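So the chains spell out like this:
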Amino acid sequence: MVHAFELMSTPQKDPQSVTPAGERVAPLIDGVRVRRAVTHPDERGTVCEVFNPEWSFHPDPLVYVYQVTIRPGQVKGWVVHRLQDDRLFLSQGTMKAVLFDDRESSPTYGLVNEVFLDQHNRGLLVIPAGVYHAIQNVGSDDLLFFNMPTRPYNHTDPDKYRLPLNNDRIPYRFPT
Ligand SMILES: Cc1cn([C@H]2C[C@H](O)[C@@H](COP(=O)(O)OP(=O)(O)O[C@H]3O[C@@H](C)C(=O)[C@@H](O)[C@H]3O)O2)c(=O)[nH]c1=O
């Protein structure tokens, strides 16, 4: 994404981007949620909890898990589901998740979000059905994340619809 200040010749003052507690101030698409994970390091390695129903972070149970890798610089998407919510957990690498709210009944219809997660700031990201998403590896090593969708994958009839990265529906362009 090209930042506004990169296009201007007069200096622009930074607006607030995060609260003192570190929470982003930009509005999220309705139903999109991020839960920051805690990684416990010690001299042997680390431990990081991925998903716990006790967090009540999402009402639906854990029914299916798969892992995804993305090679440096590559983008997977745009994808949208009609039936399932995605619940992504970033494990390794640096992820840029771009989301577009395509639900006409949504209070945030048309809104675009960029959500960044990396192995130093892991998290759980909920992407509701009807929200387009494209995931880019903006790091230098393979990106690894887990998806725990609210429905198992239907191999004979996938709940997955795609648009090309450049299309006339989603007002976002990935830098080339
Ligand atoms: C999702 C999935 C795919 N597959 C198969 C189908 C296909 O032959 C191969 C690759 O699948 P796909 O092309 O759907 O995978 P891909 O396009 O890499 O899908 C990914 O896209 C990004 C944007 C995401 O959000 C991820 O959750 C994931 O769905 O793996 C399974 O066997 N089980 C599964 O659960």
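Residues numbered from 1 in each chain as written. Predicted model: local features only at pLDDT ≥ 70, side-chain atom pairs only at ≥ 80, totals over all residues. Heavy atoms only, no water.

Convention followed: UniProt positions are given in the numbering used here, feature names are shortened, and annotations may be inferred rather than shown by experiment.
If you check an unreviewed UniProt entry, the protein appears there as dTDP-4-dehydrorhamnose 3,5-epimerase from Roseimicrobium gellanilyticum. On record in UniProt, under Function (unreviewed entry), the comment for the protein is "Catalyzes the epimerization of the C3' and C5'positions of dTDP-6-deoxy-D-xylo-4-hexulose, forming dTDP-6-deoxy-L-lyxo-4-hexulose." The protein has a UniProt comment under Catalytic activity (unreviewed entry) that states "dTDP-4-dehydro-6-deoxy-alpha-D-glucose = dTDP-4-dehydro-beta-L-rhamnose".

A word on the sheet that holds strand E4 (residues 66–70)
Put simply, the rule is: The criterion for strand pairing is that DSSP finds at least two bridges linking the strands in question. What counts as a helix is a DSSP run of H or I of at least four residues, what counts as a strand is a run of E of at least two, and both are numbered from the N terminus. All axes here are fitted lines through C-alpha atoms, helices being fitted over the stretch that makes contact, and every angle between N-to-C directions spans 0 to 180 degrees.
Taken in spatial order, the five strands make up an open sheet running E1-E9-E6-E11-E4, and their pairing is antiparallel. Two strands close off the open sheet at either side, each with one partner strand: strand E1 (33–36) and E4. Between one strand axis and the next, the sheet turns through 25° on average, direction left out of account.

What to know about the layout of surface pockets
Where empty space is left becomes clear once a probe the size of a water molecule has been rolled over the atoms. Under the convention used in this document: Both site types are read off a 1 Å grid over the protein atoms alone. A 1.4 Å probe that fits but cannot get out defines a cavity, while an open set with protein on both sides within 12 Å along at least five of seven lines defines a pocket; lining residues have an atom within 4 Å of a point. Grid points are joined across faces, edges and corners, and a volume is the space filled by probe spheres set on the points. Each residue gets one label: Ala, Val, Leu, Ile, Met, Phe, Trp, Tyr, Cys and Pro are nonpolar, Asp, Glu, Lys and Arg are charged, and the others, such as Gly, are polar.
For the largest pocket, the calculated volume is near 940 Å³. Along the wall of the largest pocket there are 27 residues; nearest its centre are His3, Ser17, Arg24, Ala26 and Glu114. Counting only elements with at least two residues in the lining of the largest pocket, the list comes to E1 and strand E8 (112–118). The element contributing the most residues to the lining of the largest pocket is E8, with five residues. If you add up the space inside the second largest pocket, you get close to 280 Å³. Tyr66, Val68, Val79, Phe145 and Lys160 are the residues nearest the centre of the second largest pocket, which is lined by 16 residues in total. Ranked by the residues each element gives to the lining of the second largest pocket, the list is headed by strand E5 (residues 75–80), at three residues. Split into classes, the residues belonging to the lining of the second largest pocket amount to eight nonpolar, four polar and four charged.

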